[in-house]
Amino acid sequence: SQQGEEDPQALSIQEGENATMNCSYKTSINNLQWYRQNSGRGLVHLILIRSNEREKHSGRLRVTLDTSKKSSSLLITASRAADTASYFCALTQGGANSKLTFGKGITLSVRP
Amino acid sequence: GAVVSQHPSRVICKSGTSVKIECRSLDFQATTMFWYRQFPKQSLMLMATSNEGSKATYEQGVEKDKFLINHASLTLSTLTVTSAHPEDSSFYICSANPGTGPHEQYFGPGTRLTVT
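Quick look at the structure, then.

Criteria and thresholds
- Residues numbered from 1 in each chain as written.
- Chains lettered and ligands numbered in written order.
- Predicted model: local features only at pLDDT ≥ 70, side-chain atom pairs only at ≥ 80, totals over all residues.
- Heavy atoms only, no water.
- Helix = DSSP H or I, 4+ residues; strand = E, 2+ residues; numbered from the N terminus.
- Rg over C-alpha atoms; globule rule 2.2 N^0.38 Å.
- Buried < 20%, exposed > 50% of the residue type's maximum accessible area, 1.4 Å probe, protein only.
- Contact = heavy atoms within 4.5 Å.
- Lys, Arg positive; Asp, Glu negative; His and termini not counted.
- Charge placed at Lys NZ, Arg CZ, Asp CG, Glu CD.
- Pairing = 2+ DSSP bridges.
- Axes fitted to C-alpha atoms, helices over the stretch in contact; angles between N-to-C directions.
- Salt bridge = Lys/Arg side-chain N within 4 Å of Asp/Glu carboxyl O.

Regarding the overall build of chain A
- When helices and strands are tallied, chain A shows 0 helices and 11 strands.
- Reading chain A from its N end, one meets helices and strands in the order β-β-β-β-β-β-β-β-β-β-β.
- Since a compact globule built from 112 residues should have a radius of gyration of about 13 Å, the 13 Å found for chain A is in line with a globular shape.
- Counting only C-alpha atoms and orienting by the principal axes, one finds that chain A spans roughly 40 × 30 × 20 Å.
- Taken across its 112 residues, chain A has 43% of its residues classed as buried.
- For chain A, the proportion of contacts with a sequence separation of at least 24, taken over those separated by at least 6, is 55%.
- Of the charged side chains in chain A, 14 are positive and 9 negative, and the gap between their average positions amounts to 5 Å.

A closer look at the sheet that holds strand β1 (residues 5-7) of chain A
All names here are of chain A.
- With antiparallel pairing, 5 strands are arranged side by side in an open sheet as β1-β3-β8-β7-β6. Looking at the sheet topology across the chains shown, the edges are occupied by β1 and β6 (55-58). Neighbour to neighbour, the strand axes of the sheet diverge by 15° on average, direction disregarded.
- With 4 bridges connecting them, β6 and strand β7 (residues 61-66) associate as antiparallel partners. Of the residues in β7, the one forming a bridge with K56 is V63.

A short note on the pairing of strand β4 (residues 31-37) of chain A
Residues and elements named next belong to chain A.
- Most of β4 is tucked away: 6 of the 7 residues are buried.
- Where β4 lies against strand β5 (residues 43-50), 7 bridges are found, and the strand directions are antiparallel. Each residue of the ladder has a partner; that of Q33, found in β5, is L48.
- Between β4 and β5, which pair antiparallel in sequence order, lie 5 residues; one of them, G40, sits at a positive phi of approximately 70°.
- Taken together, the 7 bridges between β4 and strand β9 (residues 85-92) define a ladder with antiparallel strand orientation. The residue of β9 that forms the bridge with L32 is L91.

Examining the pattern of salt bridges
- One pass over the structure, following the stated rule, counts 4 salt bridges over all chains.
- Where R60 of chain A meets D83 of chain A, a salt bridge forms, and the shortest distance between an N and an O atom there is 2.9 Å. On the criterion of sequence distance, the pair formed by R60 of chain A in the loop between β6 and β7 and D83 of chain A in the loop between β8 (71-76) and β9 is long-range, its members being 23 residues apart.
- For D83 of chain A, a relative accessible area of 6% corresponds to the buried category.
- Residues R24 of chain B and E22 of chain B are paired through a salt bridge, measuring 3.5 Å at the closest nitrogen-oxygen approach.
- E22 of chain B sits in the partly exposed class, given a relative accessible area of 23%.

Focus: the sheet that holds strand β7 (residues 67-73) of chain B
All names here are of chain B.
- One open sheet accounts for 4 strands, arranged β1-β3-β8-β7; its pairing is antiparallel. Edge positions in the open sheet fall to β1 (4-7) and β7, since each of these has one partner strand only. Across the sheet, the mean angle separating the axes of adjacent strands is 15° when strand polarity is ignored.
- Strand direction decides the pairing type here: β7 and strand β8 (residues 76-81), joined by 5 bridges, are antiparallel. By the bridge assignment, F67 is partnered in β8 with V81.

Given below as structure tokens:
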């Protein structure tokens with residue numbers, strides 16, 4: 001399956017701590033994206049990393065991609081209670097309109 | 001920019017009736033839109049890819065006669081759940097792809113369907 005597999009499935013941390021979430025996959029990809037979803041809401045795009053990139057930053061977010069290990073990580077630094085949400089990695093293989101395949105998601109709880 | 005809306009946000013219908021959900025790209029044109037469903041605490045499962053002016057492409061296991069998709073314009077796609085049953089109750093999310101630049105999809109806020 002091309003579906004990404006995130007781990008851990010659930011993560012609970014204290015406000016101010018860093019949160020690291022991982023995504024592994026099985027086949028080649030064009031790019032990998034991370035999304036956030038607040039309970040009962042739509043998805044918010046966080047960051048996209050292409051297959052030829054190794055690391056990207058956006059504010060408190062840092063994403064790495066290791067294509068040799070077929071894995072990606074999302075690091076949220078100095079977490080806040082508002083970061084509490086579900087986080088999904090999503091993979092694409094093909095062209096501009098290729099479909100996304102989502103992982104099962106990680107539930108992050110940040111305790112104030 | 002890149003806002004996608006869905007209407008309605010929440011709908012309750014009786015078993016056997018049909019429900020239409022709209023997905024609109026508000027400030028860009030989308031030749032391709034995607035429809036997903038999500039069960040509680042689970043991932044998004046792609047149902048179909050909607051292409052403007054042509055028939056939708058359905059994923060394996062998704063009944064095209066039950067989930068009718070119409071992509072009538074570059075800013076509007078509709079999903080109609082026909083003869084709804086309680087097992088169709090779910091969170092339906094659409095996304096739209098401008099088809100340029102990175103392969104980002106802009107997601108709508110979702111529609112919660114409850115079939116009683």
